Amino acid sequence: MTESSQPDGTRLRLARQARGLSQQQLAGVAGVTRQAVSAVESGHSDPSLRVALGLARALGMTVEELFGPGDPVLARPVAPVSSPGSRVALATVGDAFVALPLDTDLAARLGFSAAGGLMVRGGEHQIAVRPIGPPRPTVVVAGCDPALPLLETPLALLDPPLAFAWWPCTSGEALRLAAAGLVHAAGVHRVGPGEVHDGAGIPGGAEAVGFASWREGLVVRPGAQVRGLDDVARQGLRLVNREPGAQARTLLDRERLRLGLEPSQLPGYDSLAAGHLQVAAAIVGGLADAGVSSEPAALAYGLDFIPLAEERFDLLLPSKHAASREVQGLLKVLTSPWLLAQLASLPGYDASRCGERPA
């Protein structure tokens, strides 16, 4: 077959897991031994033509799809992809492929993430992506909570496992992506005490499921004599702001208007940070003196915190994907002891409503 057996074995393993089959079950359907399946998946052996044909038939694929380089597929990008050759995460949402760029600061976490494919041709609404391996069943979530990547571990432990892709963005952008059918879940802030998102604007509606709660407020460098936003303005301290559509920016503007402050009275008002942790990092790095962020971000970076509001962060699940394996898997792990323990271990997080569904 090919000279490089490891990519072929990985593709076979992912295709088998995507169909919920054990090695023994696949071997039985394909008419080969379990040892043959194991040897190909582990990269210890290239499949003979007979084995390759049997495995491909059992999985409903061609030999080329299972062991060849793979043809490009059309995918809908959640954001513009810079150029041909750009790395993307590749997933299916509904009956369409979705591509998440991996070459932007917004998508970056700690180091490089595994890519699902490379863009070979761009477009405004669709791009052509050459898969690196067979697309894995993947839960795609958009939202600003930096705790969302914790979902990756329990999803991977499901049988069969699910992969996870996170697109960090504001609540407004997450809602837009959900309405466009590009994500399985949109992370959104509660818009007011006791209010529940009804999925307005999302075709077919959506259901809100709890994830976490925290306080949001003014974050300042330690030792600063600041008790509120008026002190920031009076002392001429430099602010780091969030992007338009972010709940933190809305909260900042609400407090600014309450105090009768103009943007010009807040140096750095026009700056943009892409998330809660980025605000805290800018202050620790000396790029700013204050900003609005979550209490967990302030505690993680050792910053002082002045609370302004209680926040609830929910996951909005479009109804049209409710029966999908991805959404059902997500609902299952939201109440897993592992996830609840991890969220509870984060200072400032309240995970008591994680997985809670409104009556």
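Before any of the text, the structure's been laid out above.
Residues numbered from 1 in each chain as written. Predicted model: local features only at pLDDT ≥ 70, side-chain atom pairs only at ≥ 80, totals over all residues. Heavy atoms only, no water.

Assigned secondary structure in the protein chain consists of 13 helices and 12 strands. Projected onto its principal axes, the C-alpha positions of the protein chain cover 80 × 45 × 35 Å. Going through the 359 residues of the protein chain one by one, you find that 51% of them count as buried. In the protein chain, once contacts between residues fewer than 6 apart in sequence are set aside, the share between residues at least 24 apart is 70%. When the accessible surface of the protein chain is summed, it comes to about 16400 Å², and 54% of that surface belongs to carbon and sulfur atoms. With 31 positive and 35 negative side-chain charges, the protein chain shows a spacing of 4 Å between the two charge centroids. (Helix = DSSP H or I, 4+ residues; strand = E, 2+ residues; numbered from the N terminus. Buried < 20%, exposed > 50% of the residue type's maximum accessible area, 1.4 Å probe, protein only. Contact = heavy atoms within 4.5 Å. Areas by Shrake-Rupley, 256 points an atom, 1.4 Å probe, with all protein chains shown as cover. Lys, Arg positive; Asp, Glu negative; His and termini not counted. Charge placed at Lys NZ, Arg CZ, Asp CG, Glu CD.)

What follows deals with the packing of helix α2 (residues 23–30) against helix α4 (residues 49–59). Between two packed helices, the angle of one axis relative to the other and the distance separating the axes together describe the packing. The contact between α2 and α4 brings their axes to 8 Å, and the two run at 105°. By the angle class used here, α2 and α4 are roughly perpendicular. Across from Leu26, Val29 and Ala30 in α2, the residues of α4 making contact are Gly54, Leu55, Ala58 and Leu59. Tallied by class, the residues present in the contact of α2 with α4 amount to six nonpolar, one polar and no charged. (Axes fitted to C-alpha atoms, helices over the stretch in contact; angles between N-to-C directions. Parallel < 35°, antiparallel > 145°, perpendicular 65-115°, else oblique. Nonpolar A, V, L, I, M, F, W, Y, C, P; charged D, E, K, R; others polar.)

What follows concerns the nonpolar core. Counting residues in hydrophobic clusters, the biggest one holds 29 residues, and the most contacted among them are Leu151, Phe211, Leu315, Leu330 and Leu334. Mapped onto this core, the elements with two or more residues apiece are β6 (138–143), β7 (163–168), β9 (206–220), β12 (304–318), α12 (325–334) and α13 (337–345). Here the element with the most residues in this core is α12; it accounts for five residues. Those residues in contact with Leu330 that sit more than four places away from it in its chain are Val139, Leu151, Leu155, Ala185, Leu315 and Leu317. The next biggest cluster of nonpolar side chains, apart from the first, holds 23 residues, and it includes Ala142, Ala178, Val188 and Ala208. (Core = buried A, V, L, I, M, F, W, Y, C linked by side-chain atoms within 4.5 Å.)

Tracing the backbone shows Glu216 in strand β9. Overall, Glu216 belongs to the buried group, its relative accessible area being 0%. Sequence separation between Glu216 and Gly54 is 162 residues, and the spatial gap between their C-alpha atoms is 57 Å.

Here we come to the pairing of β9. Both faces of the sheet carry side chains from a regular strand, because those side chains alternate between them. Across the 15 residues that make up β9, a large majority, 13, are buried. As paired elements, β9 and β12 share 14 bridges and run antiparallel to each other. Along β12, the bridge assignment pairs Leu218 with Ile306. Pairing of β9 with strand β11 (residues 290–294) involves five bridges; the strand directions are antiparallel. The residue of β11 that forms the bridge with Val219 is Gly291. (Pairing = 2+ DSSP bridges.)

Spatially, β7-β6-β8-β12-β9-β11-β10 is the arrangement adopted by the seven strands of the open sheet, whose pairing is mixed. Of all strands in the sheet, those with a lone pairing partner are β7 and β10 (239–240), marking the two edges. Here strand β8 (residues 185–189) pairs with β12 via four bridges, running antiparallel. Its bridge partner being in β12, Gly187 is matched across the sheet by Leu315. Strands in contact with helix α7 (residues 171–179) are β6, β7, β8 and β12; relative to β8, the strand with the most contacts, it is inclined by about 150°.

Read these as geometric descriptors, not functional statements.
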